[in-house]
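# Coordinate inspection notes
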Amino acid sequence: MSESLDVRGLSCPLPVMKTKAVMDRGAAVIEILGDTPAARENIARLAASRNYSVTEEEAPTGEWKLILTLRR
Amino acid sequence: MKNKNALIILTGATIGLFGALLVKLGNPGNMGYCIACFIRDISGAVGLHRAANVQYIRPEIIGLGLGAFVASLTAKEFRVREGSAPLIRFVLGAFMMIGALVFLGCPLRGILRLAGGDLNALVGLLGFVAGVAFGTQFLKWGFNLGRAYPSKFQAGGYVLPLILIGLLLLLLFKPVFNVQAGGPVFFSTAPPGSLHAPVLISLAAGLMGGALAQRTRLCLSGGFRDFFLVKDVYLLKGYGLIFLVALILNIIFGQFKPGFLNQPIAHTNFLWNFLGLFLVGLCAVLLGGCPLRQLILAGEGDGDAGMAVLGMVAGAALAHNFMLASSPAGPTLYGQVAVILGLIVAVVVGLVYREV
C-alpha cells in the first residue's frame, strides 16, 4: 500500500505525527512533501526507528520530497 | 550521523558552559540563559513595564536571534514564511510568558536552576513534561493551527534581526530623550536587573548558542516529544549535556547549593512552580516549540514564531503591570488566576483549532 502526505507549512511536530499515523495504517511506501528542515530530520529519525528506508527525490527550491519504504 | 552527534554534544557543552560562566561573570543566580526572564528584562528596558528591578537589554537574546539568523542564512535555511494563525500564536506566546514568570524561568532556565542545585526547578520541569504530554493529546485529536506559506517577499524576515540590532544600539549608546523622567531606555540599579555579565561576552554567548540551536533544532518540548513518540533521545542528549556541564562548572565556581530554600530568584511553592511550567509546556506544544525554539525560528524567518515572541514581550509587560509574576516570596493571587485563565484559553484553542 502506498500513500502520499503533504506536510508543507505545518508546525512541529505535526509532520512527524502525520507520518506516524500513515505508518500505523500499514503503508509500505510513503511519499512525503515538506519544507522545513527540522521536519525532514524528524521524519528521517522516525523512519529509522520504524525500519523504513529513506530516499530523497527532486523537489522545488525550498521544499523536499522523501520516499519512505518499509524494509522487508 | 557521527557529525550530528558531535554537533549536539558541542551545542549542549557550549550552552552549559555559558549557562554557568555568565553567572560567574555577573548574571543573576542560575540565570546564564533564560529566554523568559531576559525578554521580560528587555520589555522593561524599553518601558513596557515599570518593575524597576527587572529592566535591562539582555544581549543574550539579541545574540540568540541574530545567531540563528546568520546560521540559517549560511546553511541556506533562511526562509520567510507566515500565515499560521498569527494572532493565536501571539496570545499563546503571552500566556507562555506568564506561566514562565509564575515559575520564574523558561524551561532552559529550569535546567540551569537544577544544575545550580535548585530542587524547586525539578517540580517545575515535571510540570513542563506533564504540560507537554497533555498538549500532545490535542495533537492526537487533530489540533492544527494551519499551514504557514512561504512569503512572496523575503523582506519580512529581516524585521526581527533589525529590531535586535536596534536594541543592541540602544544598549550600547543608552540614549536619553527625557532628562526628567528618563527614557527611552531604562536600566535597573537594583538586582536582579542590575546584575549582568560584560556585554560582549553575553552577546557572544547568545550568538554561539543561537547558531548551534538553529543547527540542531534544540527544543526541550521537542526532546520529550521525540522520546515519547519515537524513543529518540537526540535532542534530550543536548539538554542532558547542558545540565551536566553547567552542574560541573557550578560546583567548581562554588555556585552549586542543593536544596529548596533560599535559591536565587526562585520560590518554593510546589503547586505553582508545577502549574507555571505546565502552562508553558502546554503552550509550547500548541505553538510547536518552547520559548527558546520560538526565538530561533523567528530568527530564521518564521513570521508566526515572531508573533509568538512578540506575544512573549507583551505577556512579560502584562505580567509585571498586573502583578502576575512571582517573587522569591511566592506567586501572587493575580498570577494564580492568570495561570488558570491561560490553561482555559489554551484548552479552548486546543479544542477549537481542529481538523475534522
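Refer to the structure presented above.
Just so we're clear, the structure is a prediction, and the values are computed from it rather than from any experiment.

Next up on the list: the packing of helix H2 (residues 35-45) of chain B against helix H4 (residues 86-103) of chain B. Packed helices, taken two at a time, are described by their axes: the angle between them and the distance between them. Residue and element names in this part refer to chain B. Viewed as axis vectors pointing N to C, H2 and H4 meet at an angle of 105°, and their least axial separation amounts to 9 Å. Relative to H4, the element H2 is oriented roughly perpendicular. Contacts between H2 and H4 involve Ala36, Ile39 and Arg40 from the former and Met97, Ala100 and Leu101 from the latter. The residue makeup of the contact of H2 with H4, split by class, is 5 nonpolar, no polar and 1 charged.

Quick look at the interface of chain A and chain B now. The extent of an interface is frequently quoted as the accessible surface area lost upon association of the parts. Of the residues lining the interface, 23 residues belong to chain A; the matching set on chain B comes to 27 residues. The contact between chain A and chain B buries some 2000 Å² in all, and 54% of this surface belongs to carbon and sulfur atoms. Put simply, chain A and chain B have 5 salt bridges between them. Viewed at the interface, chain B and chain A are joined by 8 residue pairs in polar contact (both at pLDDT 80 or more). Counting residues per element, the ones that place at least two in the side of chain A that touches chain B are helix H1 (14-24) and helix H2 (37-49) of chain A. Examining the composition of the side of chain A that touches chain B, we find that 7 residues originate from one element, H2 of chain A, more than from any other. Of the residues in the side of chain A that touches chain B, the class split is 10 nonpolar, 6 polar and 7 charged.

Attention now moves to the packing of aromatic side chains. Residue and element names in this part refer to chain B. Tallied over the entire structure, the rule returns 9 aromatic pairs over all chains. Where Phe69 meets Phe78, the ring centres are 5.4 Å apart and the plane angle is 85°; that geometry is what we call edge-to-face. For the pair Phe69 and Phe78, a shared accessibility class is recorded, and that class is buried. A centroid spacing of 5.6 Å and a plane angle of 85° characterise the contact between Phe138 and Trp141, whose relative ring orientation is edge-to-face. Among the aromatic residues, those joined into a cluster by ring pairs are Phe134, Phe138, Trp141, Phe274 and Phe278. For Lys174, the ring lying beneath its charged end belongs to Phe187, and the centroid distance is 5.4 Å.

Moving on to the side chain of Glu3 of chain A. All names here are of chain A. Relative to the elements of secondary structure, Glu3 occurs in strand S1 (residues 2-6). Glu3 gets classed as buried once you look at its relative accessible area, which sits at 18%. Setting aside residues no more than four positions away along its own chain, Glu3 makes contact with Val22, Arg25, Ala27, Val29, Ile30 and Glu31.

Together, Leu73, Tyr158, Leu162, Ile165, Leu169, Leu172 and Phe173 of chain B line one region of the surface with nonpolar side chains, adding up to about 700 Å² of accessible area. Mapping Leu162 of chain B onto the fold places it in helix H7 (residues 159-173).

Counted at 1.5 Å a residue, the expected span for helix H10 (residues 234-253) of chain B with its 20 residues is 28 Å, and the 29 Å between its end C-alpha atoms agrees. Here H10 of chain B has its buried residues at Tyr234, Leu235, Gly238, Tyr239, Ile242, Val245, Ala246, Leu247, Leu249 and Asn250 of chain B.

Turning our eyes to something else, we now look at the environment of Ala85 of chain B. With respect to the secondary-structure elements, Ala85 of chain B resides in the loop between strand S1 (81-82) and H4. A C-alpha to C-alpha distance of 7.5 Å links Ala85 of chain B and Asp304 of chain B, two positions 219 residues apart in sequence.

Before going further, it helps to examine helix H12 (residues 291-299) of chain B. Residue and element names in this part refer to chain B. Most of H12 is tucked away, with 9 of its 9 residues classed as buried. For H12, the complete set of buried residues consists of Pro291, Leu292, Arg293, Gln294, Leu295, Ile296, Leu297, Ala298 and Gly299. Gly301 occupies a position one or two residues after H12 and carries a positive phi of about 105°.

Calculation notes
- Residues numbered from 1 in each chain as written.
- Chains lettered and ligands numbered in written order.
- Predicted model: local features only at pLDDT ≥ 70, side-chain atom pairs only at ≥ 80, totals over all residues.
- Heavy atoms only, no water.
- Axes fitted to C-alpha atoms, helices over the stretch in contact; angles between N-to-C directions.
- Helix = DSSP H or I, 4+ residues; strand = E, 2+ residues; numbered from the N terminus.
- Parallel < 35°, antiparallel > 145°, perpendicular 65-115°, else oblique.
- Contact = heavy atoms within 4.5 Å.
- Nonpolar A, V, L, I, M, F, W, Y, C, P; charged D, E, K, R; others polar.
- Buried area = accessible area lost by both parts, 1.4 Å probe.
- Salt bridge = Lys/Arg side-chain N within 4 Å of Asp/Glu carboxyl O.
- Polar contact = N/O pair within 3.5 Å; in protein donor to acceptor, adjacent residues only side chain to side chain.
- Phe/Tyr/Trp six-rings, centres within 6.5 Å; stacked < 30°, edge-to-face > 60°.
- Buried < 20%, exposed > 50% of the residue type's maximum accessible area, 1.4 Å probe, protein only.
- Lys NZ or Arg CZ within 6 Å of the ring centre and 35° of its normal.
- Patch = residues over 30% accessible without salt bridge, like charges linked within 9 Å, V, L, I, M, F, W, Y side chains within 5 Å.
- Areas by Shrake-Rupley, 256 points an atom, 1.4 Å probe, with all protein chains shown as cover.
- Expected span 1.5 Å × (residues − 1).

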